[in-house]
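# Working through the structure, step by step
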Amino acid sequence: MALVRTFRLPHLEDYPVQVALFKNVTNATFLRSQLLAANPDFDYAFLDATMILSPLPLLLTTSLTLQAYLSSTLRTRTPHSELVFRLHPNNNIGESYRKFGISDTTTHLIAIKLSLPPTEVTNESVSKHLAEVVEGESVPIGDEGEELGLWADVAKIRKIYKLNDGGKGRAKGKREVAVNGGARVRDEKKEMESVIMGIMVLKGT
Amino acid sequence: MAHSVAEPVPTIAPLSPPSPPPTDRPLHTLPAPFTTSNLQLLAQGAEALVYKTTFLTPNTPCVVKYRPPKPYRHPILDKRLTKARLLAEARVLVRAGREGVSVPRVLGADWEGGWLVLSWVGGGSVRQVLDGWAERVKRGEQKAEQALMDGEILDLMRRIGRCVGRLHDIGISHGDLTTSNIMLQSPSQESGPQPPLGGEITLIDFGLASHITPNSADEEGAVDLYVLERAFAATHPAAEPLFQEVLKAYSESWKGAKSVMKRLEDVRLRGRKRSMLG
């Protein structure tokens, strides 16, 4: 059995989100081919874990996807493709899949399955199915979900969201530290997270 | 013959407000996916209702800013205005966050539904700090001059000045810069009567904020400072020298500050509004 964590987003409790994390995945090519063939059994959002900075942006994407689904304003064909699409800052679906979706070289994988009525999706059903099809090591996801950001490739993420290097060594950065007392060490990852989430919310406006 | 009991004075039937015109958006009911459970009303302004709740995870506290429909407006215009204002606020917040000004993070939004989710800012407001300070001065615990010697509060003022300067430097005017909208955020402590002065200065409520165009930079900056000055003056007369410290730090904070300060003189003479319209 694969380890699957069920997230329940506040205010969207009726739509639990099943998330599984794998490392050392060896059959990414197979999984991708199933996605391309639109095999209904493989209706997941398969993400490359190196592109996920931390759990919050991922949960935000999920929540935006659910909202779009519930208000029938999906911009792609399925909720799971919408999830991949919403991660990317631009409006190009193919590009979103190339950057955030599973590729033939993916070794660290996040699989997300949304439970949307009337289809019933349980933690067990997802766990059983993923254990059968994914060849890789299942990684448990803790309460805070921090494990989802374990393999983040910060340089790649910065590039895709066009983030600068946190203002380090620039005049701007120095002045800004002075604003709040100087001694404060700025939490760079948290700042990246904020900006990424802002970009996601503002996408397409 | 017994006296007849005096006739009761006829009471006037209470006036009932006219029923609101029909609208297809919910009126003071919450927009999906929010429900009254797990939601706590914090404040109501002219435009928006502010609720506290959690978002994304059960331990991420946040603020939901909901702009309910205004039934007296044409529905199409109403939607458009609501969307434009929400978007403007979100854009300014994301931009400011990107430039390193401490502001709430945007956690979610629905332009059609009329709501915006922002991260929770703990701690207290500068207003609370000033009120506490003014109270101490009034009680005579400290003479005003002595209180001013209190280096900590002066340092706070300088930090406020620099923070506002930075905001203007990146081309954003706040639009409603009062002491209640400047928070002192400390990670350790939840809101108490007296937030510690060392907290991180965080600006909130960007509902009236805008991007500054180069030819209105002085004006909008000066109006921000003027509004803040009035907020200080409203706290206590003794707070006046405190604001001087804010101005001093502001004028050294960015290169456009000098001309903003000059414009502030004009604004003081004529008030916040430039044109006589509206």
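Residues numbered from 1 in each chain as written. Chains lettered and ligands numbered in written order. Predicted model: local features only at pLDDT ≥ 70, side-chain atom pairs only at ≥ 80, totals over all residues. Heavy atoms only, no water.

The name an unreviewed UniProt entry gives chain B is EKC/KEOPS complex subunit BUD32, with Massarina eburnea CBS 473.64 as the organism. Quoted verbatim from the Subunit (unreviewed entry) field of the UniProt record, the comment on chain B reads "Component of the EKC/KEOPS complex composed of at least BUD32, CGI121, GON7, KAE1 and PCC1; the whole complex dimerizes." UniProt lists a comment for chain B under the heading Sequence similarities (unreviewed entry), and it reads "Belongs to the protein kinase superfamily. BUD32 family." (UniProt positions renumbered as here; feature names shortened; annotations may be inferred.)

Under an unreviewed UniProt entry, chain A has the name EKC/KEOPS complex subunit CGI121 and belongs to Massarina eburnea CBS 473.64. Heading Subcellular location (unreviewed entry) of the UniProt record for chain A holds this comment: "Nucleus".

## Section: the overall build of chain B
In terms of helices and strands, chain B carries seven helices and ten strands. For chain B, buried positions account for 50% of its 278 residues. Residue pairs in contact within chain B that sit at least 24 positions apart in sequence constitute 65% of those at least 6 positions apart. (Helix = DSSP H or I, 4+ residues; strand = E, 2+ residues; numbered from the N terminus. Buried < 20%, exposed > 50% of the residue type's maximum accessible area, 1.4 Å probe, protein only. Contact = heavy atoms within 4.5 Å.)

## Observations regarding the interface of chain A and chain B
Across the contact, 32 residues belong to chain A and 40 residues belong to chain B. Both faces considered, chain A and chain B share a buried interface measuring about 2900 Å² in area, 58% of it formed by carbon and sulfur atoms. Here chain A is connected to chain B by one salt bridge. Where Arg105(B) meets Glu193(A), a salt bridge forms, and the shortest distance between an N and an O atom there is 2.9 Å. Summed over the shared surface of chain A and chain B, the number is eight residue pairs in polar contact (both at pLDDT 80 or more). For the side of chain A that touches chain B, the leading source of residues is helix H8 (residues 188–202) of chain A, giving nine residues. Taken together, the residues that form the side of chain A that touches chain B break down as 16 nonpolar, eight polar and eight charged. (Buried area = accessible area lost by both parts, 1.4 Å probe. Salt bridge = Lys/Arg side-chain N within 4 Å of Asp/Glu carboxyl O. Polar contact = N/O pair within 3.5 Å; in protein donor to acceptor, adjacent residues only side chain to side chain. Nonpolar A, V, L, I, M, F, W, Y, C, P; charged D, E, K, R; others polar.)

## So, the sheet that holds strand E2 (residues 49–54) of chain B
Spatially, the five strands line up as an open sheet ordered E1-E2-E3-E5-E4 (chain B), and their pairing is antiparallel. Whereas interior strands pair on both sides, the edge strands pair on one side only; in this sheet they are strand E1 (40–44) and strand E4 (106–110) of chain B. Each neighbouring strand pair of the sheet contributes to a mean axis angle of 20 degrees, computed without reference to strand direction. Here four bridges tie E4(B) to strand E5 (residues 115–119) of chain B, and the two strands are oriented antiparallel to one another. Within E5(B), the residue paired with Val106(B) across the bridge is Leu118(B). Of the strands in this sheet, E4 and E5 of chain B are in contact with helix H2 (residues 55–70) of chain A, which crosses E4(B) at around 5 degrees. Seen against the sheet, helix H1 (residues 75–98) of chain B touches strand E3 (61–66), E4 and E5 of chain B and runs at an angle of roughly 20 degrees to E5(B). (Pairing = 2+ DSSP bridges. Axes fitted to C-alpha atoms, helices over the stretch in contact; angles between N-to-C directions.)

## A few points about the sheet that holds strand E9 (residues 200–203) of chain B
Residues and elements named next belong to chain B. Overall, antiparallel pairing links the three strands, which are arranged E6-E8-E9 in an open sheet. Looking along the sheet, the strands with just one partner apiece sit at the ends: strand E6 (124–125) and E9. One ladder, built from two bridges, connects E6 with strand E8 (residues 182–185); its direction is antiparallel. Looking at E8, one finds that Gly124 is bridged to Leu184.

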